[in-house]
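# Per-entry structural report
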Amino acid sequence: MALPIALTNIFKHKQKSYKMVLILCLIDELKKGNTSVTLDTLKQRFLTYYQAREAKELVVDPPPSKLGKHWREITLVQIHHIIQTPIQALSQILINDRDYKEYGFRPDILEELRTPQIIELSKYATQELDDYYSQLNPSIPLHDHLYTILSTYLETKRQPFKENDLGKLVRQTIPNDISKLPFFPEDWKAQGSVGQGNWADVPWIAIMDKRITATTQQGVYIVYLFSQDMSAVYLTLAQGVTVPLKQGKKEGYEFLRRKVQEIRSVIALDGFQKDENIHLTKKGIGEDYQVSTVAYAKYEASNLPSNQQLLTDLHSMLEYYQQYVDYSLAKDTTLKSESSTSSIKKEPLLVNDSDVKETIGTIKAYIRQRGFHYPDHLIENFYLSMKTKPFVILAGISGTGKTKLVKLFAEAIGATSENRQFRLIPVRPDWSDPSDLIGYKDLTGTFRPGPLTEVIMEASNPDNEDKVYFICLDEMNLARVEHYFSDVLSLMETQERKNGRITTNRMISANQLGEDDREIYEELYLPSNVVLIGTVNMDETTHPFSKKVLDRGNTIEFNYIQLDNFPDDEEILESGTERGVPASFLSSDYITLQEAYRNYKSLIKESTEKLIEINMILENIHAHIGFRVRDAICFYMIYNERFRLVTKAEAFDFQLLQKILPRIQGSNLSVKRTLIELLKITLGDTRLHVDELMGDASLLYEINLQKEYPSAPYKQSSKKLLYMLRRLEEDGFTSFWVS
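Here we summarise the structure given alongside this text. (Residues numbered from 1 in each chain as written. Predicted model: local features only at pLDDT ≥ 70, side-chain atom pairs only at ≥ 80, totals over all residues. Heavy atoms only, no water.)

## What about helix H6 (residues 142–156)?
Heads up, the condition is: Every helix listed is a DSSP run of H or I at least four residues long, and every strand listed is a run of E at least two residues long, numbered separately from the N terminus. By this rule the span expected of a helix is its residue count minus one, scaled by 1.5 Å. Summary of the burial criterion: residues with accessible area below 20% of their type's maximum are buried, those above 50% are exposed, and those between are partly exposed, where the area comes from a 1.4 Å probe applied to protein chains only.
Spanning 15 residues, H6 covers 20 Å between terminal C-alpha atoms, matching the ideal 21 Å at 1.5 Å per step. The complete set of buried residues in H6 reads Leu142, His145, Leu146, Ile149, Leu150, Tyr153 and Thr156.

## Details of empty space enclosed by the protein
The condition is simple: Space inside and on the surface of the protein is sampled on a 1 Å grid over the protein atoms alone, with a cavity defined as a set of points where a 1.4 Å probe fits but cannot get out and a pocket as an open set with protein on both sides within 12 Å along at least 5 of 7 lines; lining residues have an atom within 4 Å of a point. Grid points are joined across faces, edges and corners, and a volume is the space filled by probe spheres set on the points. Classification used: nonpolar for Ala, Val, Leu, Ile, Met, Phe, Trp, Tyr, Cys and Pro, charged for Asp, Glu, Lys and Arg, polar for all others including Gly.
Here the structure, examined in full by the defined rule, presents six cavities of 30 Å³ or more. Reported here for the second largest cavity is a volume of approximately 80 Å³. Those elements giving two or more residues to the lining of the second largest cavity turn out to be helix H12 (353–368), helix H13 (378–388) and helix H21 (627–643). Grouping the constituent residues of the lining of the second largest cavity by class yields six nonpolar, two polar and four charged.

## Side note on the sheet that holds strand S17 (residues 554–557)
Note the cut-off: Strand pairing is assigned whenever DSSP identifies at least 2 bridges connecting the two strands. For helices, the fitted line uses only the C-alpha atoms of the stretch in contact; every axis is such a line through C-alpha atoms, and the angle between N-to-C directions lies from 0 to 180 degrees.
Here we have five strands laid out as an open sheet, ordered S10-S13-S16-S9-S17, and parallel in their pairing. Both outer strands of the open sheet, strand S10 (422–426) and S17, are each paired with one neighbouring strand and no more. Pairs of neighbouring strands in the sheet enclose a mean axial angle of 20°, with direction left out of account. Two elements, strand S13 (residues 469–474) and strand S16 (residues 530–536), share five bridges in a ladder whose sense is parallel. Within the sheet, the bridge partner assigned to Tyr469 lies in S16 and is Val530.

## Some thoughts on the side chain of Ser718
Let me state the cut-off plainly: Here a residue-residue contact requires only that any non-hydrogen atoms of the pair lie within 4.5 Å.
Tracing the sequence through the fold places Ser718 in helix H27 (residues 715–731). The exposure class assigned to Ser718 is buried, which follows from its relative accessible area of 0%. Excluding residues within four positions of it along the chain, Ser718 makes contact with Leu679, Thr682, Leu683 and Leu705.

## Here we look at the sheet that holds strand S7 (residues 232–239)
Overall, antiparallel pairing links the five strands, which are arranged S4-S5-S6-S7-S8 in an open sheet. Each edge of the open sheet is held by one strand with a lone partner, namely strand S4 (188–193) and strand S8 (295–300). Across this sheet, the average inter-strand angle for adjacent strands is 15°, counted without regard to direction. Pairing analysis gives four bridges linking strand S5 (residues 204–209) to strand S6 (residues 220–226), with the strands arranged antiparallel. Considered in S6, the bridge of Ile205 is made with Tyr224. This element, H6, spans S5, S6 and S7 of the sheet and lies at about 55° to S6. Sitting on the sheet, helix H9 (residues 249–266) touches S6 and S7, and the angle it makes with S7 is about 90°.

## Some remarks on the packing of aromatic side chains
Counted only if it meets this: Aromatic pairs are defined between Phe, Tyr and Trp rings, using the six-membered ring for Trp, whenever the two ring centres lie within 6.5 Å; interplanar angles under 30 degrees are classed as stacked, those over 60 as edge-to-face, and all others as tilted. Working rule: Lys NZ or Arg CZ, within 6 Å of ring centre, within 35 degrees of ring normal, means a charge sits over the ring.
The tally for this structure, following the rule as stated, stands at 28 aromatic pairs. Arranged with centres 5.1 Å apart and planes meeting at 75°, the rings of Phe161 and Trp199 form a pair that is edge-to-face. Of the two residues, Phe161 is situated in the loop between H6 and helix H7 (165–179) and Trp199 in the loop between S4 and S5; the sequence distance between them amounts to 38 residues. This pair shows no difference in class: Phe161 is buried, exactly as Trp199 is. Between Phe184 and Trp188, the aromatic rings sit 6.2 Å apart at their centres with planes inclined by 80°, giving edge-to-face as the arrangement. Residue classification places Trp188 among the buried residues on the basis of a relative accessible area of 5%. Geometry around Phe652 places Lys610 over its ring, the cationic atom sitting 5.0 Å from the centre. When the ring centre of Phe736 is taken as origin, the NZ or CZ atom of Lys720, which lies over that ring, is 4.5 Å away.

Functional significance is not addressed by these values, which are geometric in nature.
Shown next as structure tokens:
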């Protein structure tokens with residue numbers, strides 16, 4: 001017989017076994033002919049059930065830790081507080097006569113509860129209870145995992161970071177174990193972190209529903225947070241703080257606290273603390289976590305609960321999180337249905353740092369399978385360069401696959417000519433001002449948009465904010481870049497953060513627009529989901545670059561080509577058109593160095609110290625760098641450390657090659673001295689005597705790097721410097737671009 005409709009989903013959400021046990025207690029009374037029961041009798045039956053199960057050493061929910069460790073220690077007075085939770089959760093089907101302290105099913109439900117239905121309800125509650133208990137008895141050693149971290153982390157921090165067993169435990173073993181729990185939803189993900197390149201003060205293990213967030217930088221998720229001194233670990237329902245705090249600390253805290261109150265108002269979170277008394281560090285990120293935490297359970301290292309208690313609490317938190325996810329998705333659906341042009345600003349989709357390397361591997365496989373092979377780490381370098389600044393120059397001899405690289409990279413992440421996310425713009429030699437690219441006002445006073453404006457119009461559409469758009473300026477230096485591209489270069493320097501997104505000044509001034517055009521184009525800016533790549537050939541038919549251009553992007557030179565490369569003999573991967581990646585995969589995360597300084601202080605200082613040494617050498621030929629280049633190099637190094645794509649030395653080598661060496665050119669002795677002094681750094685050889693080599697440096701450019709300097713820290717830059725030095729001695733002039 002079918003159950004009354006009101007009873008069919010009463011166990012859909014369950015944090016503990018309480019609801020099923022309460023129903024079974026009421027059914028026992030119904031079987032005796034009693035339609036209601038006093039609260040004292042109900043409390044006694046409820047407590048007896050748990051004490052009897054505990055006495056048989058069966059799996060059972062432990063009592064709330066603040067009341068006692070065992071059910072045999074719990075009194076009827078204490079049960080009063082415990083039993084109110086399931087009574088409240090089932091209030092829609094129960095009557096609660098407080099005057100007479102009688103409890104039972106509502107009259108309309110009782111009318112439908114004949115013997116067959118009572119038996120069916122009993123089976124339903126018993127089956128749900130059995131399923132629940134089976135989930136509480138998994139084999140993962142959560143207690144041992146947490147104990148290992150708490151007891152060994154401080155000592156382990158003194159050891160090398162790379163390939164450390166404790167790091168593998170946090171990043172791999174524990175997330176894998178958690179994801180195998182029977183009550184862990186299939187489409188959720190677990191991940192852990194002990195830092196990015198260096199040991200973190202607060203390691204963590206997070207659980208996320210990817211429908212509402214795929215990153216710990218924003219959104220709501222479950223996370224184990226370890227205090228800096230390893231005295232405790234907190235199981236929390238928390239929010240990511242990185243993105244909200246980019247608005248500023250005051251605004252970020254206001255947002256986080258509002259969200260905390262909203263969640264607490266719709267989710268019960270019984271059994272967990274709901275305050276800001278979570279203590280991780282004395283300042284900094286510890287304070288951020290206090291504000292962002294919705295609810296938590298604190299486990300002291302000296303009194304870590306049993307494995308069963310830890311798993312029970314995790315199960316409860318997962319159930320509460322599921323309730324929030326359901327609420328969040330329903331709320332989002334409601335907002336969308338109310339208005340397709342809602343003024344509510346959606347948060348940008350983010351790519352998790354740990355997923356970047358895998359995505360790059362997929363891109364490389366896609367490119368390789370189409371018969372294009374590039375030098376080691378060129379794809380990683382190309383990606384890091386775009387991430388650092390959305391303007392990259394690809395230089396090399398004709399036919400090396402510069403334009404193809406841009407097209408294939410774009411295709412691999414879902415941007416194609418067909419979906420209008422990839423646009424090839426051939427540069428003409430007669431381009432002399434920005435109108436050829438941006439547009440112009442014709443004789444009738446109507447604005448005629450250029451090809452760049454057309455793409456940016458589409459990329460700026462709110463529906464396309466999470467799509468990445470590639471613009472490839474083919475043979476960019478056939479015309480003087482400063483003449484037609486100067487407005488765009490200047491626009492890049494006006495970036496600021498508004499409503500969680502990066503914007504710029506207006507792209508088109510009002511005096512360029514007719515009256516009818518202003519509504520369409522006046523508010524147009526350069527959005528962060530657009531990447532500009534220029535391909536160039538450096539020969540007698542093209543124009544050189546000024547320092548203004550070089551400072552504002554990375555210049556990647558590759559003249560390498562291996563003719564005997566063929567497509568891989570394996571199944572060709574399909575274009576990424578359908579899957580795509582969010583625009584945040586390529587858009588910058590930082591505008592100013594201050595935004596990254598707190599988390600990457602040591603890396604920024606280390607990189608800056610190297611640049612100061614190099615700048616002292618470059619000053620002699622007036623080629624030294626400013627803050628813009630320093631910041632760009634630091635951003636590149638930070639992204640590489642976050643995503644772990646190449647070694648730190650290889651990353652700095654790429655930046656020397658792309659941001660420093662292109663500034664050097666000339667024919668005098670000062671240029672020669674600069675090249676030799678830079679070689680001392682890139683080769684790591686302090687024995688080089690600059691004065692002795694000023695007359696004849698031929699011994700240097702005949703060096704076999706592989707044999708004589710196998711441990712040179714910056715091999716690519718060394719190779720380029722040796723080549724530039726040789727051209728200076730043989731031709732009397734040198735530059736980065738000499739072919």
